[in-house]
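# Residue-level structure breakdown
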Number of protein chains: 2
Amino acid sequence: MEKLTDTEQRILQAATEVFLEKGKEGARMQEIARKAGINKALLHYYFRSKEQLYQRVFNYEVRSFFAALLQSVPQTRDLAQFLKGFIDGYLDQLAARPRMVRFISWEISQDMTAFKTILKEILLETSDSPLHHWITILEEAIEKEIIRPLNIHHFLFNLLGMCVYPFLAQPVIETLFPTIRVNSSEFLQERKKEIFELVWRGITKT
Amino acid sequence: MEKLTDTEQRILQAATEVFLEKGKEGARMQEIARKAGINKALLHYYFRSKEQLYQRVFNYEVRSFFAALLQSVPQTRDLAQFLKGFIDGYLDQLAARPRMVRFISWEISQDMTAFKTILKEILLETSDSPLHHWITILEEAIEKEIIRPLNIHHFLFNLLGMCVYPFLAQPVIETLFPTIRVNSSEFLQERKKEIFELVWRGITKT
DNA sequence: GTCTATAATAAGATAGAC
DNA sequence: GTCTATCTTATTATAGAC
């Protein structure tokens, strides 16, 4: 791992803020320079072009986001604990970076190349694929008749969708329900509880 | 309602495609002109500026999307029918415009002004607010003990999140699970079934 | 390494002929 | 209404002094 000078760090910090907020096209080198407390020429001195600076930020942010996400899911084989940990961990990660979902879903659809590489590295190349682990836990739970038969892919999409939605629809939600603050810890706690209850009752055998 | 010339229609059609795909910042007037089979000068002749063309497209698309969404939800007071209709209707609308979720969630966060106006018009100014109707149906079902007590706001977010997620995460999903085609009718049918089952079992009294 | 000044390019907007 | 050619502006990128 290379060492970064103080200036490089300040640039990357500023670039991250601006790119996540405005996207690749909407970001302005001038704004990044201003936030970093330097001028445009230095940006190019350190990172050569906007494209290269963006790739650097994108790779680091997406990689560490998914890595943190995977690490936050517990390794337990107990299904209830697993699901609770999954929901809690995912929501905590999203709350820590409320802009990431929007950024990723938008920017990835603009250009998949960098993302595909990252995703495969993180999810598939590791010796014990977390994704596979999740699927196995659910398969076993169905096998042992702890939960009803269900389509595991769709179940995962359901779980992820419920976690992700408020961060995605934040402007809509806060306009329609002015009392709600999506980033508040109260909302987060409620959310964890409501998702788990719906899911748990929705899949366990009656 | 004003009449549109053939050229105006072709421009709006092309502009819609480009703006939904690339966003306001990423869109290029040159590309819109090319798709419409004309040149840049005509774009400005008809719509004066990129900003005005964008506002025109944004207003029309967002408005008709939400309007179609609300109309697709049945007026029935039977809860199971209501939920089925809600899920089916929402997913059909999303499938018809698979880019809309990404576009709205990204572009709105860049500038809320136009969106707030539209949302209030559609959802709150109508004599019988559909949103209020949904909440009432759920409140009554809790009252009558058809379903367990739950937080209605969070339940709506859960429902919407499950519907929306595949369209948002399409690139991720199709990379991780190459057999899945998010826009296929098979996937759509599975999705409707799996969401309803999870939700119905998740909220009804046991 | 960092700056100021400036070049190069890209993209939106307009003038004027037809 | 529609085009070609051109202007203007915004933004990225570089040269050269310190």
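Now for a look at the structure at hand. (Residues numbered from 1 in each chain as written. Chains lettered and ligands numbered in written order. Predicted model: local features only at pLDDT ≥ 70, side-chain atom pairs only at ≥ 80, totals over all residues.)

### Thoughts on the overall build of chain A
Note the threshold: Per the convention used, a helix needs a DSSP run of H or I reaching at least four residues, while a strand needs a run of E reaching at least two, with both numbered from the N terminus. The exposure label follows from counting other C-beta atoms within 10 Å of a residue's C-beta, where the C-beta atoms are placed from the backbone and the thresholds are 20 or more for buried and 12 or fewer for exposed, leaving partly exposed in between. Contact between two residues is assigned when their C-beta atoms, built from the backbone, lie within 7 Å.
On a plain count of helices and strands, chain A comes out with 11 helices and zero strands. Listing each helix as α and each strand as β along chain A from the N terminus yields α-α-α-α-α-α-α-α-α-α-α. For chain A, the spread of C-alpha atoms along the principal axes amounts to about 65 × 45 × 30 Å. Split into buried and exposed, the 206 residues of chain A put 33% on the buried side. Restricting the contact set of chain A to residue pairs at least 6 apart, pairs at least 24 apart contribute 59%.

### Quick look at the protein's contact with DNA strand C
Where we set the bar: In this analysis, residues qualify as near a molecule or strand once their C-beta atom, positioned from backbone atoms, comes within 6 Å of it. Residue type decides the class: Asp, Glu, Lys and Arg count as charged, Ala, Val, Leu, Ile, Met, Phe, Trp, Tyr, Cys and Pro as nonpolar, and the leftover types, Gly among them, as polar.
Surveying the vicinity of DNA strand C reveals 18 residues, the closest of which are Ala41(A), Met29(B), Ala41(B), His44(B) and Ser49(B). The set of elements that each furnish at least two residues to the surface near DNA strand C consists of helix 3 (40-47) of chain A together with helix 2 (29-36), helix 3 (40-47) and helix 4 (50-72) of chain B. With four residues, helix 3 of chain A is the largest single contributor of residues to the surface near DNA strand C. Broken down by class, the residue content of the surface near DNA strand C amounts to six nonpolar, six polar and six charged.

### A look at the nonpolar core
So the rule is basically this: In plain words, the nonpolar core is the set of buried Ala, Val, Leu, Ile, Met, Phe, Trp, Tyr and Cys residues that C-beta atoms within 7 Å link up.
Of all hydrophobic cores here, the largest spans 101 residues; its most connected members are Ala15(A), Cys163(A), Val164(A), Ala15(B), Cys163(B) and Val164(B). If we skip the residues at most four places from it in the chain, Val164(B) touches Gly161(A), Tyr165(A), Leu94(B) and Val101(B).

### Quick notes on the interface of chain A and chain B
Listed as interface residues are 45 residues of chain A and, on the opposing side, 45 residues of chain B. The set of elements that each furnish at least two residues to the side of chain A that touches chain B consists of helix 1 (6-26), helix 6 (100-110), helix 7 (113-124), helix 9 (152-168), helix 10 (170-176) and helix 11 (185-203) of chain A. Here the side of chain A that touches chain B takes 11 residues from helix 9 of chain A, the largest share from any one element. Looking at the side of chain A that touches chain B residue by residue, the class counts come to 25 nonpolar, 13 polar and seven charged.

### Remarks on the protein's contact with DNA strand D
Around DNA strand D, 18 residues are found, and the nearest of them are Met29(A), His44(A), Ser49(A), Lys50(A) and Ala41(B). With four residues, the single largest contributor to the surface near DNA strand D is helix 3 of chain B. Its residues placed into classes, the surface near DNA strand D shows six nonpolar, six polar and six charged.

### Observations regarding the relation of the copies chain A and chain B
Quick note on the threshold: A least-squares fit on C-alpha atoms brings the copies together, and the residues used are those whose pLDDT is at least 70 in both copies.
Superposing chain A onto chain B takes a rotation of 180 degrees combined with a translation of 0.0 Å along the rotation axis, leaving an RMSD of 0.0 Å. Here the copies are linked by what is in effect a two-fold axis. By C-alpha distance to the rotation axis, the residue of chain A lying nearest is Gly202(A), at 1.9 Å.

### Quick word on helix 1 (residues 6-26) of chain B
Going by this rule: Helix span is expected to be 1.5 Å times the residue number reduced by one. Take the seven residues that end at a residue and the seven that start at it, fit an axis to each, and the angle between those axes is the bend at that residue.
With 21 residues, helix 1 of chain B extends just 26 Å between its outermost C-alpha atoms, more than 12% less than the 30 Å of an ideal straight helix rising 1.5 Å per residue. The principal kink in helix 1 of chain B, of about 80 degrees, is found at Leu20(B). Buried residues belonging to helix 1 of chain B abut helix 1 of chain A together with helix 2, helix 3, helix 4 and helix 6 (100-110) of chain B.

### Concerning unusual backbone geometry
In this structure, Glu145(A) is a non-glycine residue whose phi angle is positive, near 55 degrees. You can see Glu145(A) is positioned in the loop between helix 8 (130-143) and helix 9. Here the phi dihedral of Arg48(B) falls at roughly 70 degrees; this positive angle occurs in a residue that is not glycine. Inspection of the secondary structure assignment puts Arg48(B) in the loop between helix 3 and helix 4.

### Looking at helix 5 (residues 79-96) of chain B
Residue and element names in this part refer to chain B. Over its 18 residues, helix 5 extends 25 Å from the first C-alpha to the last, a length consistent with the 26 Å expected when each residue adds 1.5 Å. Among the residues of helix 5, Leu83, Phe86, Ile87, Asp88, Tyr90, Leu91 and Leu94 are the ones counted as buried. Contacts made by the buried residues of helix 5 are with helix 4, helix 6, helix 9 (152-168) and helix 11 (185-203).

### Here's the deal with the packing of helix 8 (residues 130-143) of chain B against helix 9 of chain B
Residues and elements named next belong to chain B. Definition in use: Throughout, an axis means a line fitted to C-alpha atoms (over the contacting stretch in the case of helices), and angles, computed between N-to-C directions, take values from 0 to 180 degrees. With respect to orientation, any angle under 35 degrees is reported as roughly parallel, any angle over 145 as roughly antiparallel, any angle of 65 to 115 as roughly perpendicular, and every other angle as oblique. Here is the rule for handedness: rotate from the far helix to the near one, and if that takes an anticlockwise turn smaller than a right angle the crossing is left-handed, while a clockwise turn gives right-handed.
Relative orientation of the contacting elements helix 8 and helix 9 amounts to 115 degrees, with a least axis distance of 10 Å. With respect to their mutual orientation, helix 8 and helix 9 come out roughly perpendicular. Here the hand of the crossing between helix 8 and helix 9 comes out right-handed. Of the residues in helix 9, those touching helix 8 at Trp134, Ile135, Leu138 and Glu139 are Ile152, Phe155 and Leu156. Considering only residue class, the contact of helix 8 with helix 9 consists of six nonpolar, no polar and one charged.

### Description of the environment of Gln55(B)
Turning to its location among the elements, Gln55(B) is positioned in helix 4. With 59 residues separating them in the primary sequence, Gln55(B) and Ala114(B) have C-alpha atoms 7.9 Å apart.

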